[in-house]
Amino acid sequence: MKVKQDNNKRVLTSTTSNRDKEKVAVRKGEIGEYKINIQLDQLPSEYRHLEDVMVINSKAKTGYSQIDHVVISPYGIFVIETKNYQGTIYGGKDRKIWSVNGKFKMMNPFKQNYGHIQALKELIDKKYYPYFISMVSFTKRCTFKIEDIELRKITSNELIVYDIELSDYINRKVSINKHQYKEPFLTEDDIHQIYDQIKHANITDPSIRKQHIDTLKEEKTTSSRTSSKAKCKVCDKAVSAKVRSYCLSNNKFKGEVYCYEHQKSI
């Protein structure tokens, strides 16, 4: 009877610990978003900012896209995906899968943001399509190990930044475009029109938002279970977690997993 009680205590402690970790992660995410909102709210008054936008996306698995931030300026429409991770970020522009510390896998955030931008394009006039700029923001608790240095260059329309430099990069990007093109891409009326169209399309129904999040969580859990049984891309042979982590953290393998024998041929 005593052993049974001890086991129950261990299970209870484990469950409580997981819940506590989830609460801490949520809290950190909320603080991070609050800091970003403060930055973006300090941008010039003629800019318009929307946060936590959810719109229909027929090509997404859930049927929706949830976009962290959209900033509409005279010299670009910035679509921002924020990430609240800690560790070394391994990835590249053409990689399908990125990783944190070579262990935790995530979808290439630029491919994710591409889907968000495509969903937003469905809401506005085609003449505004060339003015989108994709930004991915990570916290300063991360270190970038990214293959493509252009993702950090202000001349690119795909930028990876730290959260504390987000508004600085937006201002610098606007300055570059202003110097190069002289005339603004968007008039004041254009900015208000785009803002109103996105705001009108934003889905605020709590039940739909919850369903979207629950579907993503379920997909993440399924993906995690599948990834724990990683196989070599060439021979389909099962590999250990250690081999999988090594491949994902090595730029040479471009986000793919290979057994020991086939690593030599890459």
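Refer to the preceding data block for the structure.
Since the structure is predicted, the reported quantities are computational estimates derived from the model, not experimental observations.

Undergrad: What should I look at first to understand helix α6 (residues 241-249) in this one?
TA: Side chains that are three or four residues apart share a direction in an α-helix, a result of its 3.6 residues per turn. Regarding α6, the residues found buried are R244, S245, C247 and L248. Viewed along the axis of α6, the buried residues span an arc of 165°, placing them on a single side of the element. Here α6 starts with a cap whose side-chain oxygen sits 3.2 Å from the backbone nitrogen of V243, and that cap is S240.

Undergrad: For this particular structure, what's the right way to read the sheet that holds strand β5 (residues 97-100)?
TA: Paired through their backbone hydrogen bonds, the strands of a sheet run either parallel or antiparallel. Strand order across the open sheet formed by four strands is β6-β5-β4-β8, with mixed pairing between neighbours. Across the chains shown, the open sheet's two edge strands, defined by having one partner strand only, are β6 (104-107) and β8 (142-146). Here the average twist between neighbouring strands, direction ignored, is 25°. Relative to β6, β5 runs antiparallel, the two being bridged by four bridges. Counterpart to I97 in the pairing with β6 is M107.

Undergrad: Sorry if this is basic, but what is going on with the sheet that holds strand β1 (residues 48-56) here?
TA: Across the sheet, five strands lie side by side as β1-β2-β3-β7-β9; this open sheet has mixed pairing. Where the open sheet ends on each side, the last strands, each with one partner, are β1 and β9 (158-162). For this sheet the average axis-to-axis angle between neighbouring strands, irrespective of direction, equals 30°. Relative to strand β7 (residues 132-138), strand β3 (residues 76-83) runs parallel, the two being bridged by seven bridges.

Undergrad: Explain the nonpolar core here, please?
TA: Generally speaking, a soluble globular protein has its nonpolar side chains buried in company with each other. With 37 residues, the main nonpolar core has I72, I77, M135 and I170 as its most contacted residues. Of all hydrophobic cores here, the second largest spans 13 residues; its members include V136, I146, I160 and Y162.

Undergrad: Would you mind going over the environment of G63 with me for this structure?
TA: Structurally, the position occupied by G63 is in the loop between β1 and β2 (64-73). Residue classification places G63 among the partly exposed positions, given a relative accessible area of 21%. Along the sequence, G63 and H212 sit 149 residues apart, while their C-alpha atoms lie 8.1 Å from each other. In contact with G63, not counting residues within four places along its chain, are V55, I56, N57 and S58.

About the criteria used
- Residues numbered from 1 in each chain as written.
- Predicted model: local features only at pLDDT ≥ 70, side-chain atom pairs only at ≥ 80, totals over all residues.
- Heavy atoms only, no water.
- Buried < 20%, exposed > 50% of the residue type's maximum accessible area, 1.4 Å probe, protein only.
- Helix = DSSP H or I, 4+ residues; strand = E, 2+ residues; numbered from the N terminus.
- Arc of directions from axis to C-beta.
- Polar contact = N/O pair within 3.5 Å; in protein donor to acceptor, adjacent residues only side chain to side chain.
- Pairing = 2+ DSSP bridges.
- Axes fitted to C-alpha atoms, helices over the stretch in contact; angles between N-to-C directions.
- Core = buried A, V, L, I, M, F, W, Y, C linked by side-chain atoms within 4.5 Å.
- Contact = heavy atoms within 4.5 Å.

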